[in-house]
Structures are given as C-alpha cells and as structure tokens.
Amino acid sequence: YDSYGSCLASLGKYAEAIEKLETAIKLDPSNANLYTMCGRALVSIGKYEEAIQLDESDIRPFIYYGNALIELGRYDDAILQFLNAIEIDSMDADAY
C-alpha cells in the first residue's frame with residue numbers, strides 16, 4: 001500500500017493516496033515514513049489539522065502547514081506553526 005499510495009500522491013491523486021496510506025499505517029504502525037507520506041498528502045489537500053494529528057511527535061506536518069500559510073500570506077500563523085515544530089524538536093534545522 002505504501003508504494004501504491006506514494007505513486008497516487010505523485011500523480012496528484014491525494015484522496016486516493018491517503019486511503020492507501022492509511023491502510024498501510026494500520027498494517028505497519030511503526031513505519032514513520034508512512035506517516036510522513038500521508039501527512040504530505042493531507043497537507044496537499046488542505047487537511048492540516050488531520051496531518052498534525054497523525055504523529056504529534058513529527059515536526060514535518062507543522063513545517064508543511066507553515067509553508068502553506070506563507071504562500072497564503074498568513075505570516076503570523078506560519079510563525080506559530082514553526083514555533084510548534086521547534087517546541088517538538090529544537091534540534092531540527094528545518095524548523096528554523
């Protein structure tokens with residue numbers, strides 16, 4: 001399911017990709033890569049809160065959300081997302 005989901009996401013078929021990736025997560029919940037791919041797909045269709053809830057110890061959804069907010073010109077909101085990421089992992093340079 002992870003390869004299929006990844007391929008669907010690459011084709012821009014995010015809703016289908018999420019469905020496959022969620023199945024993969026149920027089969028292999030310890031696979032962090034699946035959470036990342038699913039989070040990216042969720043962010044791509046604007047489901048930011050769902051992406052963050054996948055794995056609250058992962059800073060990447062916060063960073064993706066922050067970057068999306070920058071694109072929308074919502075800089076103050078973006079800063080809050082980056083601060084959330086820093087709070088989770090202050091040693092990850094991507095959060096800065």
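Look a little higher up for the structure.
Residues numbered from 1 in each chain as written. Predicted model: local features only at pLDDT ≥ 70, side-chain atom pairs only at ≥ 80, totals over all residues. Heavy atoms only, no water.

Looking at helix α6 (residues 75-88)
For step 1, the next point in the chain: With 14 residues, α6 should reach 20 Å at 1.5 Å per residue; the first-to-last C-alpha distance of 20 Å fits that figure.
For step 2, the next point in the chain: The set of residues buried in α6 consists of A78, Q81, F82, A85 and I86. Taken around the axis of α6, the buried residues stretch over an arc of 145°, which confines them to a single face. Exposed residues pointing more than 90 degrees away from the buried face of α6 are listed as D76 and E87. (Helix = DSSP H or I, 4+ residues; strand = E, 2+ residues; numbered from the N terminus. Expected span 1.5 Å × (residues − 1). Buried < 20%, exposed > 50% of the residue type's maximum accessible area, 1.4 Å probe, protein only. Arc of directions from axis to C-beta.)

Observations regarding the nonpolar core
For step 1, the next point in the chain: Core analysis: the biggest nonpolar cluster contains 28 residues, and L21, L34, C38 and A85 have the highest contact counts within it.
For step 2, the next point in the chain: Among the secondary structure elements, those contributing two or more residues to this core are α1 (2-10), α2 (14-27), α3 (32-44), α4 (48-54), α5 (60-71) and α6.
For step 3, the next point in the chain: Here this core takes seven residues from α3, the largest share from any one element. (Core = buried A, V, L, I, M, F, W, Y, C linked by side-chain atoms within 4.5 Å.)

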